[in-house]
Amino acid sequence: MGLSKTIWATPTEYLRNHAPDHPVLFFSPATLQATARRFIAGFPGLVTFAVKSNPDEQVLANLVAAGVSGFDVASPAEMDTIKRIAPHAAMHYNNPVRARSEILHAVELGVKSYSVDSHSELVKLGELVPAEGVEVSVRFKLPVEGAAYNFGAKFGATVEKAVELVTLAAQLGYTTSLTFHPGTQCTDPNAWKTYIQAAAQISREAGVNIARLNVGGGFPAYRLTDVAPDLAAIFALIERETDAAFGDARPALVSEPGRALVAEAYSLATRIKAIRDDEHVFINDGVYGALSELHLIGVIDRVRIYGPGAELRTGETRSRTVFGPTCDSLDKLPSELALPLSMEEDDHMMFYGVGAYSTATATRFNGFGQITFQTVQSHG
Ligand SMILES: *Cc1c(COP(=O)(O)O)cnc(C)c1O
């Protein structure tokens, strides 16, 4: 304590001084706050942060500083963290399946919003959570395309069942809302459209005006050089469709982005261990480390190579297979990357936009994954 922390201008300034042999994650608080402020300004409702995408305490503190006042939490540990860092923030306990002990923990911490997707879990809540001032959000699902990863595989009631649950939640005296999660990295705005229309249908069929509609996370981050996400178009569609579907009974809107708030805040420096027989590239981090979700939702191709003095490698490129450091065959990037021919062993390979589901899920498998953190003003 008492030591001030070095803040580098950019990752390249750090690479020039250190040539790190272990993976380094660079965190830019300024980028994080700017991204969060843009999202809050653009989204037509309350913005909460899905803690699981990056539970780092500095991330949470910077989101609070940028104006995030609510958090989507899924476990007692996440709730404890938020209570410590942002004691007055709203917590939405949106993991629809919970042990009784977990529910009691939430009640003790003053949690006022819970999602459910089943009759048995709603009855359980009814026994443990007094209805006064408490919201129950019924989570439903549709068979929708357009996301990189299907969130409906585990959670969500069918439309038919959601009608029953909304009816029962209202009977139990809870403020009744609806929620869905269209899938993560959802680049097609139409995924939200179908869900919003179904929410209005559920509300009509149950004969219950819902207080809030939580349109989930799923907002895309910038992963592929040629596919810049258009959040403004998604926000506009959500607002338009909610008005059209609900008319006078329009609920307040809530979102719970994870990825779209934090992805851009981190970049990752890996080191090129070997270029095997001038063919395959081996780097010192991979799918068991900070790149853990790439084999689930696809490659990040926003990559730059830096030579020994941190000079950018440019010129002609060639598509190459890139492997992580472990001995597991799965430890391979899911698509080839176009990398400069001038690249050499011991160069650094930087990945941009890796702030979501990276630190949260990294492991030390096979003795690799010793990731360190540095703070930067910007990613350069
Ligand atoms: C994971 C999750 C989110 C965040 O999803 P992103 O795709 O990262 O925006 C939001 N809500 C719930 C219920 C989740 O489980």
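For the structure, check the block above.
Residues numbered from 1 in each chain as written. Predicted model: local features only at pLDDT ≥ 70, side-chain atom pairs only at ≥ 80, totals over all residues. Heavy atoms only, no water.

Undergrad: Quick question: what am I supposed to make of the overall build of the chain here?
TA: Helix and strand content of the chain: eleven helices and 18 strands. Rg of the C-alpha trace for the chain: 22 Å, near the compact-globule value of 21 Å for 380 residues, within the 12% margin. When its C-alpha atoms are laid out on the principal axes, the chain stretches across 65 × 45 × 40 Å. Across the 380 residues in the chain, those meeting the buried criterion constitute 53%. In the chain, the share of contacts with a sequence separation of at least 24, taken over all contacts with a separation of at least 6, comes to 72%. For the chain, the computed accessible surface area is about 16,100 Å², with 51% contributed by carbon and sulfur atoms. In the chain, 32 side chains carry a positive charge and 42 a negative one; their mean positions are 2 Å apart. (Helix = DSSP H or I, 4+ residues; strand = E, 2+ residues; numbered from the N terminus. Rg over C-alpha atoms; globule rule 2.2 N^0.38 Å. Buried < 20%, exposed > 50% of the residue type's maximum accessible area, 1.4 Å probe, protein only. Contact = heavy atoms within 4.5 Å. Areas by Shrake-Rupley, 256 points an atom, 1.4 Å probe, with all protein chains shown as cover. Lys, Arg positive; Asp, Glu negative; His and termini not counted. Charge placed at Lys NZ, Arg CZ, Asp CG, Glu CD.)

Undergrad: Looking at this structure, I do not really get the packing of helix α4 (residues 76-85) against helix α5 (residues 100-108). What am I missing?
TA: Geometry of a packed helix pair, given as the angle between the helix axes and the separation of the axes. Viewed as axis vectors pointing N to C, α4 and α5 meet at an angle of 10°, and their least axial separation amounts to 10 Å. Taken together, the axis directions place α4 and α5 in an arrangement best described as roughly parallel. Here the hand of the crossing between α4 and α5 comes out left-handed. Within the contact between the two elements, α4 uses P76, M79 and D80 and α5 uses E102, H105 and A106. A breakdown of the residues in the contact of α4 with α5 according to their chemical character gives three nonpolar, one polar and two charged. (Axes fitted to C-alpha atoms, helices over the stretch in contact; angles between N-to-C directions. Parallel < 35°, antiparallel > 145°, perpendicular 65-115°, else oblique. Left-handed = near helix turned anticlockwise from the far one by under 90°. Nonpolar A, V, L, I, M, F, W, Y, C, P; charged D, E, K, R; others polar.)

Undergrad: Help me out: how do you make sense of α4 in this one?
TA: Along an α-helix, a turn takes 3.6 residues, which lines up residues three or four apart on a common side. Of the positions making up α4, those classed as buried are E78, M79, T81 and I82. Projected down its long axis, α4 carries its buried residues within an arc of 160°, all on one side. What points out from α4, more than 90 degrees from its buried face, is the exposed set A77 and R84. On its buried face, α4 is in contact with α3 (57-65), β4 (70-73), β5 (90-93) and α5. (Arc of directions from axis to C-beta.)

None of this, on its own, says anything about what the molecule does.
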